[in-house]
Amino acid sequence: MIYVIMGVSGCGKSALGAFLSEKMGLPLHEGDHFHPQENIEKMARGEPLTDQDRLPWLLKLHEVIERERASGGEAFVACSALKRLYRQILLCGSKALDSSNSPDREVLPPTPPHVLFLFLHGDYDLIQQRVSARRGHYMKADLLRSQFALLEPPLEEENVLPLDLSRSISDLATEVQGHIVRLKTST
């Protein structure tokens, strides 16, 4: 199974991913490491990314997810995945774009059961405090509002576990692990 840890910048994707990766012995693919240099420079200047800017990044992460799925292993992927279209690109690659541009609007299948979105959500002010306090990250705190404006929270049909980021990383990890155990025993 692939676990996509998602949410706006500063919500704790990397921290939760690192904690779970260590605890469960699974690889973590940090989405920030897959951004093209142009995207990093743009965010460092305080400019929000466009859908067009994000596309190469999302397609690279789709390849990572496909490679992990093909190997039969489990892995974590940390990625904002703010919009439903972005999540569809993660799952279906460029086919998601073909579907979204089609006049017939061919509906893509729901999220496959072997991908679980872990959606870290919470209060803007709390996340703003976290983003403002972190050092050494190229994502400017001023960009947080643009991420909240883009955010389309995942629907239940997208195979999602919502996680309230006001809780500790340890508590969140316990909830995630319990959910994973229940998923595995129900199949």
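Presented here is a report on the structure given in the accompanying data block. Because the structure is predicted, anything quoted here is derived from the model rather than measured.

A word on helix α2 (residues 37-44)
Listed in full, the buried residues belonging to α2 are Asn39, Ile40, Lys42 and Met43. One side of α2 holds all its buried residues, which, seen down the axis, span an arc of 165°. For α2, the secondary structure elements touched by its buried residues are α3 (51-71). Immediately beyond the C-terminal end of α2, within one or two residues, lies Gly46, with a positive phi of roughly 85°.

Let's talk about the packing of α3 against helix α4 (residues 84-92)
The N-to-C vectors of α3 and α4 enclose an angle of 40°; their axes lie 7 Å apart at closest approach. When the axes of α3 and α4 are compared, the pair comes out oblique. The interaxial crossing formed by α3 with α4 has right-handed handedness. Where α3 abuts α4, its residues Asp51, Arg54, Leu55, Leu58, Leu59, Leu61, His62, Ile65, Glu66 and Arg69 lie against Tyr86, Ile89, Leu90, Leu91 and Cys92. Partitioning the contact of α3 with α4 into residue classes produces 10 nonpolar, one polar and four charged.

Description of the pattern of salt bridges
The tally for this structure, following the rule as stated, stands at nine salt bridges. Glu47 serves as the salt-bridge partner of Arg45, at 2.7 Å between the closest nitrogen and oxygen. Judged by relative accessible area, which is 54%, Arg45 ranks as exposed. The salt bridge involving Glu157 is made with Arg84; its shortest N-O contact spans 3.0 Å. With Glu157 in the loop between α7 (144-150) and β5 (160-164) and Arg84 in helix α4, the pair connects residues that are 73 residues apart, well separated along the chain. Assessed through its relative accessible area of 47%, Glu157 is described here as partly exposed. Of the residues examined, Arg84 reaches a relative accessible area of 25% and is grouped as partly exposed. Connected through salt bridges with shared partners, the residues Arg84, Arg87, Glu157 and Glu158 form a single ionic network.

Examining the pairing of strand β3 (residues 75-78)
Note on strand geometry: in a regular strand, side chains alternate between the two faces of the sheet. Alternating positions in β3 separate into two faces, Ala75 and Val77 on one and Phe76 and Ala78 on the other, with burial throughout. By the bridge criterion, three bridges tie strand β2 (residues 28-30) to β3 in an arrangement that is parallel. Bridge pairing in β3 places Leu28 opposite Phe76.

Re the sheet that holds β2
Pairing is parallel across the open sheet formed by five strands, whose spatial order is β2-β3-β1-β4-β5. Each edge of the open sheet is held by one strand with a lone partner, namely β2 and β5. Between one strand and the next, the sheet's axes are offset by a mean angle of 20°, whatever the strand orientation. Of the strand pairs in this sheet, strand β1 (residues 2-6) and strand β4 (residues 115-121) are connected by five bridges, and their pairing is parallel. Residue pairing for β4: Ile5 is matched across the bridge by Leu118. Lying over the sheet, α4 contacts β1 and β4, oriented at roughly 150° with respect to β4.

What counts and what doesn't
- Residues numbered from 1 in each chain as written.
- Predicted model: local features only at pLDDT ≥ 70, side-chain atom pairs only at ≥ 80, totals over all residues.
- Heavy atoms only, no water.
- Buried < 20%, exposed > 50% of the residue type's maximum accessible area, 1.4 Å probe, protein only.
- Helix = DSSP H or I, 4+ residues; strand = E, 2+ residues; numbered from the N terminus.
- Arc of directions from axis to C-beta.
- Contact = heavy atoms within 4.5 Å.
- Axes fitted to C-alpha atoms, helices over the stretch in contact; angles between N-to-C directions.
- Parallel < 35°, antiparallel > 145°, perpendicular 65-115°, else oblique.
- Left-handed = near helix turned anticlockwise from the far one by under 90°.
- Nonpolar A, V, L, I, M, F, W, Y, C, P; charged D, E, K, R; others polar.
- Salt bridge = Lys/Arg side-chain N within 4 Å of Asp/Glu carboxyl O.
- Pairing = 2+ DSSP bridges.

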